[in-house]
Amino acid sequence: GVSVRDPKTDRFYHLKNLSSQNIRCFAETPDGSIWIGTDKGVNRVQLPSVLPSTNPDLQPVAQVDTFYWDGPMSDQRPSPNVITDLVVGKDGKLWVSSDLQIGWFDPVQVRFQQVWSEIGAFSTDKKLLPIYLFTGPDGSVWVGHPDRLLHIQGDRVDDFPLPIRSVFPQTDVVFDAAGNLFVST
């Protein structure tokens, strides 16, 4: 589940009505929604501005919406609904990566839009490898992987093999003022 601390009261609240209690990542979009990636899809959580004073359970007051890549009961293995990372681009777009694909959430169509999918591309000996999302200084999305980086700009995906294997997601990245990308390997 998720625990939420109210800074006004220093009290913790609990949210358990998610698609899964196996929380993998968080992101916040400009509208104030908290997005929670799990091993069974993505949950959008919206809380009231004032939390209840007596009940630590947020279920009665939280609005929770769940979204899936290919339906909640996808029988595909590995599952496209095992979310590996979430990131919000400078344009406010929520980017989502799963074990099988990368894309963004379209609030108009209320569904994910796939940008990249290459089954097995992020695997070695059928073992899935971690995927890490981050945004560049221009607002474009980058995808970190132990062997390479993907750079997503609109519908274009560029692939950059890394000279030395990294350990995403335990890796960090930073751009300097000149636009050079530093990746710990």
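Each chain carries its own residue numbering, running from 1 in the written order of its sequence. Owing to the predicted nature of the model, reporting of local features is limited to residues with pLDDT of at least 70; listing and counting of side-chain atom pairs is limited to 80 or more, with chain, interface and lining totals taken over all residues. Each side-chain value is worked out from all heavy atoms of the structure, with water and hydrogens disregarded.

(A) Representation of the side chain of S19 within the structure. The secondary structure listing takes helices from DSSP runs of H or I that are at least 4 residues long and strands from runs of E that are at least 2 residues long, numbered from the N terminus. Secondary-structure assignment places S19 in the loop between β2 (11–15) and β3 (23–28). Think of a polar contact as two N or O atoms within 3.5 Å of one another; within protein, one of them needs to be a possible hydrogen donor and the other a possible acceptor, and neighboring residues in sequence only count if both atoms come from side chains. At 3.2 Å, the side chain of S19 forms a polar contact with the side chain of T38. It only takes one pair of heavy atoms within 4.5 Å for two residues to be counted as in contact. Residues within four places of S19 in sequence aside, it is in contact with T38, K40, G41, N43, T66 and Y68.

(B) Layout of unusual backbone geometry. Even without glycine at this site, D10 takes up a positive phi of about 60°. Within the fold, D10 resides in the loop between β1 (2–6) and β2. For the exposure calls, accessible area comes from a 1.4 Å probe over protein chains only, and a residue counts as buried if that area is under 20% of its type's maximum, exposed if over 50%, partly exposed in between. Under the relative-accessibility criterion, D10 is labelled exposed at 51%. A positive phi angle is found at V110, which is not glycine, with a value near 55°. Relative to the helices and strands, V110 is located in the loop between β9 (101–106) and β10 (111–117).

(C) View of the packing of aromatic side chains. Stacked, edge-to-face and tilted are the three classes for Phe, Tyr and Trp ring pairs, Trp counted by its six-membered ring, which pair at centre distances within 6.5 Å; planes under 30 degrees apart are stacked, over 60 edge-to-face, the rest tilted. Tallied over the full model, the rule gives nine aromatic pairs. Members of the aromatic cluster, joined through ring pairs, are W35, F67, W69, F105 and F112. Only lysine NZ and arginine CZ atoms are considered, and such an atom sits over a ring when it is within 6 Å of the ring centre and within 35 degrees of the ring normal. The ring of W104 has K93 lying over it, and the distance from NZ or CZ to the ring centre is 4.1 Å.

(D) Focus on the pattern of salt bridges. The salt bridge criterion pairs a side-chain nitrogen of Lys or Arg with a carboxyl oxygen of Asp or Glu, the two atoms within 4 Å. Enumeration according to the criterion identifies three salt bridges in this entry. As a salt-bridge pair, D10 and R5 come within 2.3 Å of each other at their nearest N and O atoms. By relative accessible area, which is 42% here, R5 ends up partly exposed. R156 is the salt-bridge partner of D158, the closest N and O atoms lying 3.0 Å from each other. Judged by its relative accessible area of 18%, D158 falls in the buried class. Judged by its relative accessible area of 51%, R156 falls in the exposed class.

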